[in-house]
Amino acid sequence: MTIVSVQDTALPVEPEPGTRRLSTAKAIQEALAQRMRADEGVFVAGEDVGPYGGIFSSTTGLIDEFGPQRILDTPISETAFIGLGIGAAVEGMRPVIELMFVDFFGVCFDQIYNHMAKIHYESGGNVRVPMVLMTATGGGYSDGAQHSQSLWGTFAHLPGMKVVVPSNPYDAKGLMTAAIRSDDPVVYMFHKGVMGLGWMKKNPRSIGAVPAEEYEVPIGKARVAREGKDITIVTLSLSVHHSLDVAEKLAGEGIDIEVVDLRSIVPLDRDAILESVRKTRKLIVVDEDYQSFGLTGEIIATVAEREPGLLTHASRVAVPDVPIPYARELEYAVLPTPARIEAAVREAMA
Amino acid sequence: MTIVSVQDTALPVEPEPGTRRLSTAKAIQEALAQRMRADEGVFVAGEDVGPYGGIFSSTTGLIDEFGPQRILDTPISETAFIGLGIGAAVEGMRPVIELMFVDFFGVCFDQIYNHMAKIHYESGGNVRVPMVLMTATGGGYSDGAQHSQSLWGTFAHLPGMKVVVPSNPYDAKGLMTAAIRSDDPVVYMFHKGVMGLGWMKKNPRSIGAVPAEEYEVPIGKARVAREGKDITIVTLSLSVHHSLDVAEKLAGEGIDIEVVDLRSIVPLDRDAILESVRKTRKLIVVDEDYQSFGLTGEIIATVAEREPGLLTHASRVAVPDVPIPYARELEYAVLPTPARIEAAVREAMA
Amino acid sequence: MTTQTALAADQRRELFEMMVLIRTFEEAMLREYHADKSPGFDIGAGLVPGEMHLSAGQEPVAVGVAAHLTTDDAVTATHRPHHIAIAHGVDMRAMTAEIFGRETGLGRGRGGHMHLFDPKTHFSCSGIIAEGLPPALGQAFAFQRAATDRVAVAVTGEGSANQGAFHESLNLAALWKLPVVFVVEDNDWGISVPRAASTSVPSNADRAAAYGIPGVRVEDNAVESVWQAAGEAIGRARAGEGPSLIEVHTLRLWGHFEGDAQGYRSDLAEVAGHDPIPTYRDALIADGVIAEGDAEAIRAAASDRVEDAVAYAKASPVPSADDALKYVFAEGARA
Amino acid sequence: MTTQTALAADQRRELFEMMVLIRTFEEAMLREYHADKSPGFDIGAGLVPGEMHLSAGQEPVAVGVAAHLTTDDAVTATHRPHHIAIAHGVDMRAMTAEIFGRETGLGRGRGGHMHLFDPKTHFSCSGIIAEGLPPALGQAFAFQRAATDRVAVAVTGEGSANQGAFHESLNLAALWKLPVVFVVEDNDWGISVPRAASTSVPSNADRAAAYGIPGVRVEDNAVESVWQAAGEAIGRARAGEGPSLIEVHTLRLWGHFEGDAQGYRSDLAEVAGHDPIPTYRDALIADGVIAEGDAEAIRAAASDRVEDAVAYAKASPVPSADDALKYVFAEGARA
Ligand SMILES: Cc1ncc(C[n+]2csc(CCOP(=O)(O)OP(=O)(O)O)c2C)c(N)n1
Ligand SMILES: Cc1ncc(C[n+]2csc(CCOP(=O)(O)OP(=O)(O)O)c2C)c(N)n1
Ligand SMILES: [Mg+2]
Ligand SMILES: [Mg+2]
């Protein structure tokens, strides 16, 4: 098994158009399968990851190749099975544990933030916890306040876990491979809306070119998804696509938007953000997580503290500190929709 | 029982010096006792709140007056007893539930953030959850990575709960009274270092003048703890005292620091922050919580987005995204100590 | 059967009527849910978007338990809440309007089908499994402190009984002798995971021993058996004798949620044959409690009520986007 | 007693020696902890600051269990970890250095007394009660997958057995037949809360029935009784027969943590009389296993080892403040 090892400093070369195209879900499955073939220590555990294949298809078909000893359906006991992942990782295995919806973190967060994330530090580096916690995020399909959250700001706030948030199939595969191979705990958060599921509205970019061989996308490197010179949008996950859609639309009006896809939020590629804003001096952060005390503030503050005079405009399009409502009209009023992004850009350019 | 009801718009008048002085712990006990006398629906439940009187003395003596039917020692089952608080609140009681250390939120956060905080919204305002979740925060006494965290940024990030963080006895009593009387869930976070405990190092200001009668400090109003014109420090809880100490020290050198004590972080008194920074144009946020994706970023971003050209300096003194280390030398290297605050001020003024 | 003698004919008829009402409701939800999601099922599309967990087959649990409750008693249900809500007397119009996301709904459209809150009947539910149990303790606590004989019923699925909240709640309830009845709906499946792959004992009733409380398992998914067991447990709770646990071996007639192809399901072929409603209808006819034609009349009456609620929901206004931030807090506003 | 016949004289002597070693260690910690905190006890002051949970009285549990383990077996302990760590063979110097917050400590001073991690003996502990159980499942899982007969032991207090993690862990271990032994140290108190106010059943061993696994309670806090029960449970686990639960009715000789005045404690007067170490010493003398003078020699040898560790710790360098951010991640750095 050869692995295209991408250096930390170099962004991976995107595949030629015309190559094989996969959905994000299939890209994740492929990354898992290839790692499981390469490394006996990799296993997947979680609710409905077996015959069902993962509620959001992260594990479809894996049980057929790897069997129930390596693709394990668990009881609905998140504390127990995430802890199981921790213990197995400590003993040298490479568990991939699925938390079905990130919204369920409240029943098991102690294992995650006080154990998975802290053991390496508390042990003075003597104990490693090389596990991946993969979980579904996001709303937009009326699943209500307990099944539609993004919450990555909460994970990123607490030290000791890396947090990656792919927006497309190429990154999804490369980041999963990197996450499993990482010696650190990695929280891998996929938005349901970028998985390319047959039964949910999706952005066309949730299906895209993916190399067949294993490769890594480096954890901690942002990607300029679109170059532009007038204004910077820093964003991640599904919102990357909304931002690109708005950028395409407004390009016709002569507004040239740069879109930065963070891909990882821990570590956060602060240099990439600065680099873009140095060019545009205007910053909009688009985020499907709650607005206050989270990602959007961190990005703006990073620029403000590093180069206080730089910003001529800063604003955010995020969920305005309200539980995600059920009714479509309300939910779409609080999500960072293309319409809200567009309005924010127009305001910034006014 | 007369209640000094302070209007939302007016800051309470601080008591004359020479009046009765209490520790923060005693101020909290008094607020609880007075509310319990006034309202049969108020009860306190948590671990060791009975005969022990609360590990950090939040409930000392209450069981003697109110008995075990209203001051309830619970099993170590945070999910169950916080949920019990929620259900009792829904039925019209006014529970005060203690989570012994905020660090334990990981075992019970679902009840807190998905239930306590969301029921009011999900019910379209038809169900109220008037409960107080009180909890101890902070480090500085070598209690290690799982017993020294502040974590208020995590609570504040998630919508539906108010979050108050008193720094002194006067505010502690008034905010507790306001919290119990509030129709919303309030997370009441007291730093162990401001409680005025006999067995822990404390700032002298953790004992101070407290009126004997009931009064409220309004939730959502910051307080200018010290006026100054050169630089603004926005801070909260124990860090207020460190900041004041540094301000006193540097006043001798002609550096005039304004210290804003947030007191509440949800709602956040953004106007008070702006008002101060408009004067000084330099901002340091001092916070004992983890630095990234939390309070410090939110404060700086608030200023940057509201008045982009305003800030000539922004920086933060917080825990630099590391679990709190045990060894004193390491812990004090990551806490927002007076030394670090002073260094930050000097850098800002250079 | 002793259960049959304990119940008067009109009670038995009422149990049947309620089961039919619930089924009729769920069939209407099934119809409405799928009405506008094709071609190409899109979970977020249509008048009733989002996840939809229907309860067909589990009516005996809801009806047998709720028959002993008044709307002064509290009930907390799960992600699969409709049967329990209807049996407990939640207003069908307001509930349906909530499922349709309307301003007239129980939660003004903010909650949705997994978040039905009705203060009038002290009913609530939650989409986080087993996390509805702890709030029920608090309701029971409030009832106990007020020296009433009101009780709280907390429902959970068999899969969810392996969540920590289950253990903590039973222990605390037992310790404080709270007037709670825990009801486990064992429908053999937790989404795609069979009971044997989630639960280390054959019956959750055995787990009552871990808390020193009575535990019974009702094996036959018959409403009268549930009625009998629930009557005893609720009676105990009202009498101040503390909590009990009841597990009912019930049946998930349809998928976990709508859109679930159930490819994993080994027992699919037999499922329809175990539907508790025809069984009960036949028994009542055989016992002369209802006549052949009554069943149809009951069904027709149920249909009228359900269609009225659906029509009400559809005619109700959708919430205004301008109000999306309303109701985060009872007082004050976000800053 | 049958337990006495099962053990050879040298084994009994070893058990006694280990108990004495642990007690000697805890006495040294008691001394060092309080040495520099007065006048006016300040929890954050001195060479050993922070909370300090000592285990005096609970030696029989640690020693009786660990006698069946090798350092290839895993152990997860609690906030009160020293006795278990020592019995399991954690290096005493490195452990003491950690408690003193030194760079030579198990965690280079980052962890402290509640966070002892020793990969050599697969030992760890956690300050969050009951949350040490789930990681033990994973260690057992790894051992099982590697087709070894290694086992994991997960320790918890009786108060902590009411935490959700307990339930989830026992169920999952039972279901997957993981080689884990759960050991509950019932010292009657969870800080100031007596067992009767936290636990709805008299014995946690009764809770084993909720998972279909063996559960035993050792009532007498005697090391040989623990040894016997643990031997069976660990034997089962090694043989692939799955987990067991053992509760030992043990004794908290001192406060919950140092500084605890124990005003709440009704049984304080009797406590010293139940110390298991003199009892065992007397029994061994009576049985001719050790002579009168041996006990003192054993104590002296223990003291030498403990004082060596304390001296080592005190002589070790404190971590450099410059390194405070080291070890957050194994790779890469924070941005
Ligand atoms: C804490 C938590 N984990 C997982 C889920 C996802 N989930 C929703 S329903 C369900 C299965 C529940 O099974 P059971 O308790 O048997 O109830 P049933 O669906 O059969 O009625 C799962 C896993 C959840 N909602 N909450
Ligand atoms: C989740 C959680 N809740 C509360 C605490 C605080 N706490 C530490 S030890 C303890 C008592 C534990 O009692 P028990 O399990 O009987 O162990 P013992 O101290 O008696 O050895 C408590 C409540 C904690 N560490 N973690
Ligand atoms: Mg089920
Ligand atoms: Mg104990």
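Residues numbered from 1 in each chain as written. Chains lettered and ligands numbered in written order. Predicted model: local features only at pLDDT ≥ 70, side-chain atom pairs only at ≥ 80, totals over all residues. Heavy atoms only, no water.

Peer 1: In this structure, what is going on with the coordination of the magnesium ion (ligand 4)? I would like to understand it.
Peer 2: Geometry sets the ideal angles at a metal, namely 109.5 degrees for four tetrahedral donors and 90 or 180 degrees for six octahedral donors. Residue and element names in this part refer to chain D. Distances from the magnesium ion (ligand 4) to its protein donors, Glu158 (OE), Asn187 (OD1) and Trp189 (O), fall within 2.0 to 2.2 Å. In primary-sequence terms, the residues that donate to the magnesium ion (ligand 4) follow E-x28-N-x1-W. Placement of the pair is glutamate 158 in the loop between strand 3 (152-157) and helix 7 (164-175) and tryptophan 189 in strand 5 (residues 189-190), with a sequence separation of 31 residues. You can call glutamate 158 buried: its relative accessible area is 1%. (Donors = N, O, S within 2.8 Å, 3.2 Å for Na, K, Ca; no water. Helix = DSSP H or I, 4+ residues; strand = E, 2+ residues; numbered from the N terminus. Buried < 20%, exposed > 50% of the residue type's maximum accessible area, 1.4 Å probe, protein only.)

Peer 1: It is not clear to me how the environment of B:Val303 should be interpreted in this structure. Could you clarify?
Peer 2: All names here are of chain B. Counting through the fold element by element, valine 303 comes out in helix 10 (residues 295-306). In this structure valine 303 comes out as buried when scored by relative accessible area, which is 0%. Residues valine 303 and valine 277, 26 residues apart in the sequence, show an inter-C-alpha distance of 7.9 Å. In contact with valine 303, other than residues within four places in its own chain, are Ile273, Leu274, Val277, Leu283, Pro308, Leu310 and Leu311. (Contact = heavy atoms within 4.5 Å.)

Peer 1: Explain the interface of chain B and chain D to me, please; I cannot follow it from the model alone.
Peer 2: Accessible area lost upon the coming together of the parts serves often as the stated size of an interface. Listed as interface residues are 39 residues of chain B and, on the opposing side, 48 residues of chain D. Here chain B packs against chain D, burying approximately 3,100 Å² in sum over the two surfaces, 60% of which is carbon and sulfur. The largest share of the area that chain B buries against chain D comes from B:Ile76, B:Tyr326 and B:Leu330, three residues that together contribute 22% of it. The tally of links between chain B and chain D comes to 0 salt bridges. Our count for the chain B to chain D interface comes out at 15 residue pairs in polar contact (both at pLDDT 80 or more). Contributions of two or more residues to the side of chain B that touches chain D are made by strand 5 (94-101) and helix 11 (328-334) of chain B. The residue inventory of the side of chain B that touches chain D, partitioned by class, reads 23 nonpolar, 7 polar and 9 charged. (Buried area = accessible area lost by both parts, 1.4 Å probe. Salt bridge = Lys/Arg side-chain N within 4 Å of Asp/Glu carboxyl O. Polar contact = N/O pair within 3.5 Å; in protein donor to acceptor, adjacent residues only side chain to side chain. Nonpolar A, V, L, I, M, F, W, Y, C, P; charged D, E, K, R; others polar.)

Peer 1: Where do I start with the sheet that holds strand 7 (residues 215-218) of chain D in this structure?
Peer 2: Strands belonging to one sheet form pairs held by backbone hydrogen bonds; the direction of such a pair is parallel or antiparallel. All names here are of chain D. In space, the 6 strands of this open sheet follow the order 2-1-3-4-8-7, with parallel pairing throughout. At either margin of the open sheet sits one strand with a lone partner, and together these are strand 2 (123-125) and strand 7. On average, each strand axis in the sheet is inclined to that of its neighbour by 15 degrees, with strand direction left out of account. Pairing geometry for strand 3 and strand 4 (residues 180-186), over 6 bridges, is parallel. In the strand pairing of strand 4, threonine 156 is matched with valine 184. (Pairing = 2+ DSSP bridges. Axes fitted to C-alpha atoms, helices over the stretch in contact; angles between N-to-C directions.)

Peer 1: Can you walk me through the pattern of salt bridges in this structure?
Peer 2: In the structure shown here, the tally under the stated rule is 102 salt bridges over all chains. Across the pair B:Lys249 and B:Glu342 runs a salt bridge whose closest N-O atoms are separated by 2.8 Å. Of this pair, B:Lys249 sits in helix 8 (residues 238-251) while B:Glu342 sits in helix 12 (residues 338-349), and the two are 93 residues apart along the sequence. The class of B:Glu342 is buried, set by a relative accessible area of 15%. Of the charged contacts in the structure, one is a salt bridge between D:Glu27 and D:Arg299, with a shortest N-O distance of 2.7 Å.

Peer 1: Whenever I open this one, the side chain of C:Thr121 confuses me. Can you help?
Peer 2: Residues and elements named next belong to chain C. With respect to the helices and strands, the residue threonine 121 is situated in the loop between helix 5 (92-99) and strand 2 (123-125). Accessibility expressed as a relative area gives 4% for threonine 121, which makes it buried. At a separation of 2.8 Å, a polar atom in the side chain of threonine 121 contacts the side chain of aspartate 118. Contacts of threonine 121, omitting those with residues within four sequence positions, involve Thr71, Asp73, His88, Gly89 and Val90.

Peer 1: When you look at the relation of the copies chain B and chain A in this model, what are you seeing that I'm missing?
Peer 2: Turning chain B through 180 degrees and shifting it by 0.0 Å along the axis lays it on chain A, with an RMSD of 0.0 Å. The two molecules are tied by a two-fold rotation axis, judged by turn and shift. Here 100% of the interface residues in chain B have copies in chain A that are interface residues too; the copies meet face to matching face. (Least-squares fit on C-alpha atoms with pLDDT ≥ 70 in both.)

Peer 1: Just to check I follow, could you spell out the site of ligand 2 for this structure?
Peer 2: The environment of ligand 2 is formed by 21 residues, the closest being B:Glu78, D:His79, D:Ser160, D:Asn187 and D:Trp189. Chains contributing residues to the immediate surroundings of ligand 2 are chains B and D. Here D:Gly127 contributes a backbone N or O atom positioned 2.8 Å from a nitrogen atom of ligand 2. At a separation of 2.7 Å, an oxygen atom of ligand 2 approaches a polar backbone atom of D:Trp189. Contact with the protein chains covers 98% of the free accessible surface of ligand 2, which is 570 Å². (Near = heavy atom within 4 Å. Areas by Shrake-Rupley, 256 points an atom, 1.4 Å probe, with all protein chains shown as cover.)

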